[in-house]
Amino acid sequence: MLFRSGHTAGAEFGRDQLGGFLPALEAGDEIEVADAARDPRTADFHRLYLGPLGTRALVAVPIRLEGRSVGAVCIEDARADGALGFARRFLLCLYRSGL
């Protein structure tokens, strides 16, 4: 992973490496976890990507097009104290409005 201005670039993972993360998003699930290492949907993603960056909390919302997931918007934070509440509400508002 390359770090540029506080962001990462160049990280690529195979479907088989991410455990339950992609299936949950493909099913349209909204993921909100305070500790991504402990949730079965996000544990592998945490091990590979979030953990090495010091991230604990994660909100992931699928991007849907014509009834199927084509991507996701993720917001992460090192804290697990509910600090992502505003981000969660914003993303869920977008998701539920169909944008």
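For the structure, see preceding data.
Notes on the structure follow. Owing to the predicted nature of the structure, the values given are computational and were not obtained by experimental measurement.

Reading guide: rules and limits
- Residues numbered from 1 in each chain as written.
- Predicted model: local features only at pLDDT ≥ 70, side-chain atom pairs only at ≥ 80, totals over all residues.
- Heavy atoms only, no water.
- Helix = DSSP H or I, 4+ residues; strand = E, 2+ residues; numbered from the N terminus.
- Buried < 20%, exposed > 50% of the residue type's maximum accessible area, 1.4 Å probe, protein only.
- Contact = heavy atoms within 4.5 Å.
- Areas by Shrake-Rupley, 256 points an atom, 1.4 Å probe, with all protein chains shown as cover.
- Salt bridge = Lys/Arg side-chain N within 4 Å of Asp/Glu carboxyl O.

## A closer look at the overall build of the chain
Line of reasoning, step 1. A count of helices and strands for the chain gives three helices and five strands.
Line of reasoning, step 2. The linear arrangement of helices and strands in the chain, starting from the amino end, is β-β-α-β-α-β-β-α.
Line of reasoning, step 3. Across the 99 residues of the chain, 30% fall into the buried class.
Line of reasoning, step 4. Taking the intrachain contacts of the chain between residues at least 6 apart in sequence as the baseline, contacts between residues at least 24 apart amount to 45%.
Line of reasoning, step 5. Carbon and sulfur atoms make up 53% of the accessible area of the chain, which amounts to about 6,200 Å² in all.

## Some details on the pattern of salt bridges
Line of reasoning, step 1. Enumeration over the complete set of coordinates arrives at five salt bridges.
Line of reasoning, step 2. Linking Arg 38 and Asp 35 is a salt bridge whose minimum nitrogen-to-oxygen distance equals 3.2 Å.
Line of reasoning, step 3. Residue Arg 38 is classed as exposed on the basis of its relative accessible area, which comes to 73%.
Line of reasoning, step 4. One salt bridge connects Asp 39 with Arg 41, and the closest N-O pair in it is separated by 2.9 Å.
Line of reasoning, step 5. In this structure Asp 39 comes out as buried when scored by relative accessible area, which is 15%.
Line of reasoning, step 6. The structure contains a network of salt bridges with shared partners spanning Asp 35, Arg 38 and Arg 56.

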